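# Tertiary structure, described
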Amino acid sequence: MLETSARLLRLLSLLQVRRDWTGPDLAGRLDVDVRTVRRDVDKLRSLGYPVESTPGVAGGYRLGAGAEMPPLLLDDEEAVAVAMGLRTAAGGTISGIEESSVRALAKLQQVMPSRLRHRVESLAAATVTLASNGPTVDSATLTAVATACRAHERLRFDYRTHDGAESRRDVEPHRLVHSGPRWYLVGYDVDRADWRNFRVDRITLRPPHGPRFTPRQPPEEDVRRWASWEVAVGQYRYQARFTVHAPAAQVAARTTPTSALVEPIDDHSCTLRAGSNSLDGLSFHIAMLGFPFTAHEPPELLDRIRALADRLHAAAP
């Protein structure tokens, strides 16, 4: 009986880790045959867990959504991570979830073993969270966008750019990208026939969602790199390229993914790309990093750097 109960808990844990499982995959993980997996799935269903199954060669099992949320099985590290995430969310950049995060944290700590409560309390006591003065993202919008990404459903929304211009968008959502206090949606803009980045705090959804779509291949395998390029470089009037004579890791430590794209050349130098609507802004940005550098483009930036260098030299001969 104990062996069966332990196996059921293990099966439930596996169903929560991955969306879809085949019978043979589960049998291999549990070290049983496929018939035993079917019996164990039936037992979970009798306990109220909505385990869905699809027949056939390509069929399998998944944990569906039920009328009530089933108990989650978390190991020690997962429990601590969730608790700290809830603490952060209670004062973070997603609006509307502060109170619910506090309630969820209270419930989680109530059932935590004392050793884990001590770890969470120690981490909380040693952590100081500074309030963010930047824009916040509506939690309902963020959830709706994430759901559409997973379900491959088109999103219709009004979008406001940095200069206040508004437009209607029809987008195939691909991924959400989180960088510091901001959230970005990477998606394919159907009307413009191109991949775009959208700041989620500037999105106003217009339900209902559009039809389902077949996911497209994004412009690069590394969505993070592409998103960093679009946010830090691609959206600006001037797009600069520098060679910085320092290791990429050191340069990256003094920048952010939303201010520059850093790529190593060798162990002692790297390429830095950044964008701005101001040539002076670009000049001072690269100079303030504190590393020797060579500017390559655009040509007007080179002229501005020379002019600034002459002005600064004259100020301190």
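Heads up: the structure comes first, above all this text.
Calculation rules
- Residues numbered from 1 in each chain as written.
- Predicted model: local features only at pLDDT ≥ 70, side-chain atom pairs only at ≥ 80, totals over all residues.
- Heavy atoms only, no water.
- Helix = DSSP H or I, 4+ residues; strand = E, 2+ residues; numbered from the N terminus.
- Buried < 20%, exposed > 50% of the residue type's maximum accessible area, 1.4 Å probe, protein only.
- Contact = heavy atoms within 4.5 Å.
- Areas by Shrake-Rupley, 256 points an atom, 1.4 Å probe, with all protein chains shown as cover.
- Pairing = 2+ DSSP bridges.
- Axes fitted to C-alpha atoms, helices over the stretch in contact; angles between N-to-C directions.
- Arc of directions from axis to C-beta.
- Polar contact = N/O pair within 3.5 Å; in protein donor to acceptor, adjacent residues only side chain to side chain.
- Phe/Tyr/Trp six-rings, centres within 6.5 Å; stacked < 30°, edge-to-face > 60°.
- Lys NZ or Arg CZ within 6 Å of the ring centre and 35° of its normal.
- Core = buried A, V, L, I, M, F, W, Y, C linked by side-chain atoms within 4.5 Å.

Moving on, we get to the overall build of the chain. Looking only at helices and strands, the chain has eleven helices and 13 strands in total. Looking at the 317 residues of the chain, the share that counts as buried comes to 36%. Taking the contacts inside the chain whose residues are at least 6 apart along the sequence as the reference set, 58% of them involve residues at least 24 apart. Put simply, the chain shows about 19,100 Å² of open surface, and 52% of that area lies on carbon and sulfur atoms.

Looking now at the sheet that holds strand β7 (residues 182–189). Spatially, five strands are ordered β8-β7-β6-β5-β9 in an open sheet, and the strand pairing comes out antiparallel. Single-partner strands in this sheet number two, and they are β8 (194–199) and β9 (203–205). The sheet shows a mean angle of 50° between the axes of neighbouring strands, taken without regard to direction. With six bridges connecting them, β7 and β8 associate as antiparallel partners. Bridged to G187 within β8 is R196. On top of the sheet, helix α7 (residues 139–151) reaches β5 (155–160), β6 (166–179), β7 and β9; it is set at about 85° to β6, its chief contact. Of the strands in this sheet, β6, β7 and β8 touch helix α8 (residues 223–234), which is tilted by about 75° from β8.

Assignment of secondary structure puts T141 in helix α7. A relative accessible area of 12% places T141 in the buried class. Contacts of T141, omitting those with residues within four sequence positions, involve V200, I203 and L205.

Bringing helix α10 (residues 279–287) into the picture now. For α10, the set of buried residues is L279, L282, S283 and I286. All buried residues of α10 lie within an arc of 100° about the axis, which places them on one face of the element. Along its buried surface, α10 packs onto β10 (238–244), β12 (269–276), β13 (293–297) and α11 (299–315). A distance of 3.3 Å separates the backbone nitrogen of D280 from a side-chain oxygen at the start of α10, and that oxygen is part of S278.

Our next topic: the packing of aromatic side chains. Summed over the entire model, instances satisfying the criterion amount to five aromatic pairs. Seen in terms of ring centroids, F157 and F198 are 5.3 Å apart; in terms of plane orientation they differ by 80°. Their pairing is edge-to-face. Of this pair, F157 sits in strand β5 while F198 sits in strand β8; the two residues are 41 residues apart in sequence, bridging distant segments of the chain. Judged by relative accessible area, F157 falls into the buried class, the value being 0%. Residue F198 is classed as buried on the basis of its relative accessible area, which comes to 1%. The rings of F157, Y159 and F198 are connected pair by pair, giving a single aromatic cluster. Seen from the ring of Y188, R216 lies directly overhead, with NZ or CZ sitting 3.8 Å from the centre.

Examined against the element boundaries, T243 turns out to sit in strand β10. Relative accessible area serves as the criterion here: at 14%, T243 is assigned to the buried category. Separated by 28 residues in the primary sequence, T243 and T271 have C-alpha atoms spaced 4.7 Å apart.

Our next topic: the environment of G60. Positionally, G60 belongs in strand β2 (residues 60–63). Spatially, the C-alpha atoms of G60 and L26 are 9.4 Å apart, while their sequence positions differ by 34 residues. The residues contacting G60, other than those within four sequence positions of it, are W21, T22, E52, S53 and T54.

It is worth spelling out the nonpolar core at this point. One recurring pattern in soluble globular proteins: nonpolar side chains tend to sit buried together. F242, V244, V251 and L272 are the most contacted members of the largest nonpolar core, which totals 19 residues. Counting residues per element, this core draws most heavily on β10, which supplies four residues. Residues within four places of F242 in sequence aside, it is in contact with C270, T271, L272, L282, I286, F293, T294, A295, H296, L301 and I305. The next biggest cluster of nonpolar side chains, apart from the first, holds 15 residues, and it includes L12, L14, W21 and L26.

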